[in-house]
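Tertiary structure, described
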Amino acid sequence: MYMAEFKLRFGDRKWHVRRIIEANSLEEAEEMAERYAKAMNKGEVLWELSYVIEAERPLLIGKEELEKLGA
């Protein structure tokens, strides 16, 4: 499992969005993320891929994550 982060822009507004990607390799995940960004760019919001990383528990905050942070 991989996670991609995208930069979104609409006029002078900017924000980030993350999406989970089901792929067999990092290269496949990056290709899928690029295709996704291109497909989403059909509207007024500009999507730009920031990065793709391998993620075991993406976007999850649990006891394990808090212990890693020392919280």
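Provided above is the structure to which this section pertains.
Along each chain, numbering runs from 1 in the same order as the chain's sequence is written. Residue-level local features of this predicted model are given only where pLDDT is at least 70; pairs of side-chain atoms are given and counted only at 80 or more, and the full residue set underlies all totals for whole chains, interfaces and linings. No hydrogens and no water enter the side-chain calculation; it runs on all heavy atoms of the structure.

**Things to note about the side chain of E5**
Under the convention used in this document: Numbered from the N terminus, helices here are DSSP runs of H or I no shorter than four residues, and strands are runs of E no shorter than two. Between buried and exposed lies partly exposed: a residue is buried under 20% and exposed over 50% of the maximum accessible area for its type, with that area taken using a 1.4 Å probe on protein chains only. Pairs of N or O atoms are called polar contacts if they sit within 3.5 Å, as long as, within protein, a hydrogen donor faces a hydrogen acceptor (for residues adjacent in sequence, only side-chain-to-side-chain pairs). Contact criterion: two residues are considered in contact whenever any of their non-hydrogen atoms come within 4.5 Å of each other.
With respect to the secondary-structure elements, E5 resides in strand 1 (residues 2–10). Here E5 falls in the buried class, since its relative accessible area comes to 10%. Of the polar contacts made by the side chain of E5, one reaches the side chain of R18; its length is 2.8 Å. Every residue in contact with E5, bar those within four places of it in the chain, is listed here: H16, V17, R18, E48, L49, S50 and Y51.

**Description of the nonpolar core**
We apply this condition: Here, nonpolar core refers to any group of buried Ala, Val, Leu, Ile, Met, Phe, Trp, Tyr and Cys residues whose side-chain atoms link them within 4.5 Å.
Y2, A4, F6, L8, V17, I21, A23, A29, A33, A37, W47 and V52 together form the largest nonpolar core, which totals 12 residues. Secondary-structure elements contributing two or more residues to this core are strand 1, strand 2 (13–21), helix 1 (26–40) and strand 3 (46–54). Per-element accounting of this core gives the leading share, 4 residues, to strand 1. Excluding its chain neighbours within four sequence positions, the residues that come into contact with A23 are Y2, E28, A29 and M32.

**Focus: the pattern of salt bridges**
Stated precisely, the cut-off is as follows: Whenever Lys or Arg places a side-chain nitrogen within 4 Å of a carboxyl oxygen from Asp or Glu, that contact is recorded as a salt bridge.
A complete count under the given rule lists 3 salt bridges for this structure. Between E48 and R9 there is a salt bridge, with the nearest N and O atoms lying 3.8 Å from each other. Of this pair, E48 sits in strand 3 while R9 is found in strand 1, placing the two residues 39 residues apart along the sequence. Judged by relative accessible area, which is 28%, R9 ranks as partly exposed.

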